Amino acid sequence: MIVKLTVFVLLAAVWSVAGIRALRGRAQTKEAVLYGGIMGLSVALGCLFIARVDVPSFIRPCQQLLEPVGKLLLRK
């Protein structure tokens, strides 16, 4: 399992660095930071899934966060 995690992290790191360099080369620093953050979160979750750790669902917090916005938009 350690080999799988190591290969996954190395591949994701190489892919992320290439993407961030491409974005920074076009002077898109904000996008590069956002991309790096999303990739970091994805790698962390991917490692947990590979290790078969039960991750609690994030559907309920997202629903509680976005439901009032949807109701507000439907009223208009």
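The present account deals with the structure reproduced in this document. (Residues numbered from 1 in each chain as written. Predicted model: local features only at pLDDT ≥ 70, side-chain atom pairs only at ≥ 80, totals over all residues. Heavy atoms only, no water.)

## Focus on the overall build of the protein
Regarding its fold elements, the protein presents three helices and zero strands. Helices and strands in the protein line up, N terminus first, as α-α-α. For 76 residues, the compact-globule estimate of 2.2 N^0.38 gives 11 Å, and the C-alpha radius of gyration of the protein, at 17 Å, exceeds that figure by more than 25%. Along the three orthogonal principal directions, the C-alpha set of the protein runs to about 50 × 40 × 10 Å. The buried share of the protein, taken over its 76 residues, is 12%. In the form shown here, the protein has an accessible surface area of approximately 6,600 Å², with 72% of it arising from carbon and sulfur atoms. (Helix = DSSP H or I, 4+ residues; strand = E, 2+ residues; numbered from the N terminus. Rg over C-alpha atoms; globule rule 2.2 N^0.38 Å. Buried < 20%, exposed > 50% of the residue type's maximum accessible area, 1.4 Å probe, protein only. Areas by Shrake-Rupley, 256 points an atom, 1.4 Å probe, with all protein chains shown as cover.)

## Some details on the environment of Leu-34
Looking at the element boundaries, Leu-34 is found in helix H2 (residues 29-50). Between the alpha carbons of Leu-34 and Arg-52 there is a distance of 27 Å; along the sequence they are 18 residues apart.

## Focus on the pattern of salt bridges
As enumerated under the stated definition, the model contains one salt bridge in all. We note a salt bridge from Glu-67 to Lys-71, for which the minimum N-O separation is 3.3 Å. Of this pair, Glu-67 and Lys-71 both sit in helix H3 (residues 59-75), four residues apart, roughly one helical turn. Given the relative accessible area of 36%, Glu-67 is considered partly exposed. (Salt bridge = Lys/Arg side-chain N within 4 Å of Asp/Glu carboxyl O.)

## Topic: H2
If you check H2, its first and last C-alpha atoms are 31 Å apart, about what 22 residues at 1.5 Å a residue would give, namely 32 Å. If you follow the buried residues of H2, they end up packed against helix H1 (2-25). Positive backbone phi, approximately 60°, marks Arg-52, located one or two places after H2. (Expected span 1.5 Å × (residues − 1). Contact = heavy atoms within 4.5 Å.)

Note that all results are geometric; they support no functional claim without further evidence.
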